[in-house]
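Listed below, chain by chain, are the residues.
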Amino acid sequence: MADSMMSKAATMEIPINSNGDSRNLAEEDSLEQAAKIQWSLREKDLQQVMVSGPNLNETSIVSGGYGGTTEGIIPTSSMKGSNMHHASSNSSMTAEEATRGVAVEKFDIVKKWGLNTYKCTKQMISERFGRGSRTVDLELEAQIEVLRETKRKYETVLHLARALTNHFYSMVQTQHALGDTFADLSQKSPELRDEFGYNAETQKLLCKNGETLLGAINFFVASINTLVNKTMEDTLMTIKMYENARLEFDAYRADLEELNMGPRDAVTMARIEAAQQQYQIHKDKYERLRSDVIIKLKFLEENKVKVMHKQLLLFHNAISAYFAGNQQQLEQTLKQFNIKLKPPGADKPSWLEEQ
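Residues numbered from 1 in each chain as written. Predicted model: local features only at pLDDT ≥ 70, side-chain atom pairs only at ≥ 80, totals over all residues. Heavy atoms only, no water.

What about the overall build of the chain?
Line of reasoning, step 1. When helices and strands are counted, the chain shows eight helices and two strands.
Line of reasoning, step 2. Walking the chain from its N terminus toward its C terminus, one meets helices and strands in the order α-α-β-β-α-α-α-α-α-α.
Line of reasoning, step 3. When each of the 355 residues of the chain is scored for burial, the buried share is 24%.
Line of reasoning, step 4. Excluding contacts between residues fewer than 6 apart, the proportion of contacts in the chain whose partners are at least 24 apart in sequence is 73%. (Helix = DSSP H or I, 4+ residues; strand = E, 2+ residues; numbered from the N terminus. Buried < 20%, exposed > 50% of the residue type's maximum accessible area, 1.4 Å probe, protein only. Contact = heavy atoms within 4.5 Å.)

What follows is the structure, given as structure tokens:
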């Protein structure tokens, strides 16, 4: 009924006379009722839309005209899909370009590494067979050889000092157990109480002095280990880098000399210019590392003399005082070199760490 009235209102013509009055009052009443019904229907539709919510996947386009209305439904999912496909294609193209750039960069790195390895291997083989020339610094190479020989001898000293520490530690533990056994027997053997008691006291005193001497020897071993495996090893690592730089420098120098002996066309001149740049780069690197090696060798020699002077004096005084039975001199030696003994059981983990 409401629909028929609305269509009637939409198609009805209202004749107006010259002074603006309506010809038929009944038609005005019917028009007012139709407008109220249409407004109430629109309010209900609006409430229903607010409660249920619109369907975002579809968009209704209503076109009105004489004789009725027509609706066209355009699905927005197709519009979203096209936009998302376009965005995903752009992102995939960007990702592909980034991946391609990384791959090209890695390929260039591998190419340069392979070319450098080839040149250095060729130079190394030429030197071993006596067909290639090498840069020689006689004074520096003599110092390097002395350092390597010194390191081998100091490693022998370190090995023997550790062996002495292990054997002496076993002896101290044996003296400690023997002293406890003598003390126990002095309590259980009344007829030999004094004899067992004297020996128990002697072994306990030797054990105490032995622990003091172990502290000095451990300090000696730790200092030698630092000198050999850290200070000398650091210098030898720099020497290894210097030797690699020397090999690279000779390889690029030989490459430049070979190009200079060839024809001088445009292509060769470009290759000579590139080889000249690489030669200068590796020459600067070689000279910089050579300077580093000279400085480190100088400081290493000074540090070695200072450390060994202190450690050899400590070792001599501690050993002499122990075997002379001079407990006061042994303790004074440790104080002189600022050596603090760990209390018994200090190396054992606490009960919290054992949990």
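Continuing now.
Here we look at the layout of surface pockets
Line of reasoning, step 1. Of the voids in this model, the second largest pocket is the one considered here, and its volume is about 690 Å³.
Line of reasoning, step 2. Lining of the second largest pocket is provided by 25 residues; of these, Leu115, Lys119, Ala251, Tyr252 and Asp255 occupy positions nearest its centre.
Line of reasoning, step 3. Within the residue set of the lining of the second largest pocket, elements represented by two or more residues are helix H3 (76-128), helix H5 (193-260) and helix H6 (266-323).
Line of reasoning, step 4. With ten residues, H3 is the largest single contributor of residues to the lining of the second largest pocket.
Line of reasoning, step 5. A per-class count over the lining of the second largest pocket returns nine nonpolar, six polar and ten charged. (1 Å grid on protein atoms, 1.4 Å probe; cavity = no way out; pocket = protein on both sides within 12 Å on 5 of 7 lines; lining within 4 Å. Points joined across faces, edges and corners; volume = space filled by probe spheres on them. Nonpolar A, V, L, I, M, F, W, Y, C, P; charged D, E, K, R; others polar.)

Describing the pattern of salt bridges
Line of reasoning, step 1. Within the structure shown, the criterion is met by 14 salt bridges.
Line of reasoning, step 2. Note that arginine 148 and glutamate 243 form a salt bridge whose closest N and O atoms lie 3.1 Å from each other. Of this pair, arginine 148 sits in helix H4 (residues 138-188) while glutamate 243 sits in helix H5; the two residues are 95 residues apart in sequence, bridging distant segments of the chain.
Line of reasoning, step 3. According to the relative accessible area criterion, arginine 148 is partly exposed, its value standing at 28%.
Line of reasoning, step 4. The salt bridge involving glutamate 155 is made with lysine 151; its shortest N-O contact spans 2.5 Å. Of this pair, glutamate 155 and lysine 151 both sit in helix H4, separated by four residues, roughly a single helical turn.
Line of reasoning, step 5. One continuous salt-bridge network, built from bridges that share partners, spans Arg246, Asp250, Arg253 and Glu257. (Salt bridge = Lys/Arg side-chain N within 4 Å of Asp/Glu carboxyl O.)

Focus on the environment of isoleucine 217
Line of reasoning, step 1. Positionally, isoleucine 217 belongs in helix H5.
Line of reasoning, step 2. Residues isoleucine 217 and arginine 162, spaced 55 residues apart in sequence, show a C-alpha to C-alpha distance of 8.7 Å.
Line of reasoning, step 3. Contact partners of isoleucine 217, with chain neighbours within four places excluded, come to Ala161, Leu164, Thr165, Phe315 and Ile319.

Description of the packing of H4 against H6
Line of reasoning, step 1. Where H4 meets H6, the closest approach of the two axes is 12 Å, and the angle between their N-to-C directions is 25°. In terms of orientation, H4 and H6 fall into the roughly parallel class. In the packing of H4 onto H6, the handedness of the crossing is left-handed. Contact residues: H4 offers Leu140, Gln143, Ile144, Leu147, Thr150, Tyr154, Leu164, Phe168, Met171 and Gln175, while H6 offers Arg290, Val293, Ile294, Leu297, Leu300, Lys304, Met308, Phe315 and Tyr322.
Line of reasoning, step 2. Its residues assigned to classes, the contact of H4 with H6 comprises 14 nonpolar, three polar and two charged. (Axes fitted to C-alpha atoms, helices over the stretch in contact; angles between N-to-C directions. Parallel < 35°, antiparallel > 145°, perpendicular 65-115°, else oblique. Left-handed = near helix turned anticlockwise from the far one by under 90°.)

Some points on the packing of H5 against helix H7 (residues 327-336)
Line of reasoning, step 1. It is the contact of H5 with H7, at a shortest axis distance of 10 Å, that shows an interaxial angle of 25°. Viewed along their axes, H5 and H7 adopt a mutual orientation that is roughly parallel. Pair H5 / H7 crosses with left-handed handedness. Residues Leu205, Lys208, Asn209, Thr212, Leu213 and Ala216 of H5 touch H7, and the partners they reach there are Gln327, Leu330, Glu331 and Leu334.
Line of reasoning, step 2. Grouping the constituent residues of the contact of H5 with H7 by class yields five nonpolar, three polar and two charged.

Examining the environment of valine 293
Line of reasoning, step 1. Inspection of the secondary structure puts valine 293 in helix H6.
Line of reasoning, step 2. Look at valine 293 and you get buried, because its relative accessible area is 1%.
Line of reasoning, step 3. In the structure, valine 293 is positioned 149 residues away from isoleucine 144 in sequence and 9.0 Å away in space, judged by C-alpha atoms.
Line of reasoning, step 4. Sequence-distant contacts of valine 293, that is, excluding residues within four places in its chain, are made with Leu140, Ile144, Thr238, Ile239 and Tyr242.

A look at the nonpolar core
Line of reasoning, step 1. If you look at the biggest cluster of nonpolar residues, it comprises 43 residues, and the most contacted ones within it are Ile144, Leu147, Ile239, Tyr242, Val293 and Leu297.
Line of reasoning, step 2. Every element with two or more residues in this core is listed here: H4, H5, H6 and H7.
Line of reasoning, step 3. At 18 residues, H5 tops the list of elements feeding residues into this core.
Line of reasoning, step 4. Sequence-distant contacts of isoleucine 239, that is, excluding residues within four places in its chain, are made with Ile144, Leu147, Arg148, Val293 and Leu297. (Core = buried A, V, L, I, M, F, W, Y, C linked by side-chain atoms within 4.5 Å.)

Some points on H6
Line of reasoning, step 1. Between its terminal C-alpha atoms H6 stretches 83 Å, which fits the 86 Å expected from 58 residues at 1.5 Å a residue.
Line of reasoning, step 2. Looking one or two places after H6, you find glycine 325, whose phi comes out positive at around 75°. (Expected span 1.5 Å × (residues − 1).)

Digging into the packing of aromatic side chains
Line of reasoning, step 1. Tallied over the entire structure, the rule returns seven aromatic pairs.
Line of reasoning, step 2. Their ring planes at 5° and their centres at 5.3 Å tell us that phenylalanine 249 and tyrosine 286 sit as a pair that is stacked. In this pair, phenylalanine 249 sits in helix H5 while tyrosine 286 sits in helix H6, placing the two residues 37 residues apart along the sequence. An identical accessibility class is assigned to phenylalanine 249 and tyrosine 286; each is buried.
Line of reasoning, step 3. Ring geometry for tyrosine 322 versus phenylalanine 323: centroids 4.9 Å apart, planes at 85°, classification edge-to-face.
Line of reasoning, step 4. Take tyrosine 322: its relative accessible area is 10%, and that puts it in the buried class.
Line of reasoning, step 5. Aromatic ring contacts, followed pair by pair, group Tyr242, Phe249, Tyr279 and Tyr286 into a single cluster. (Phe/Tyr/Trp six-rings, centres within 6.5 Å; stacked < 30°, edge-to-face > 60°.)

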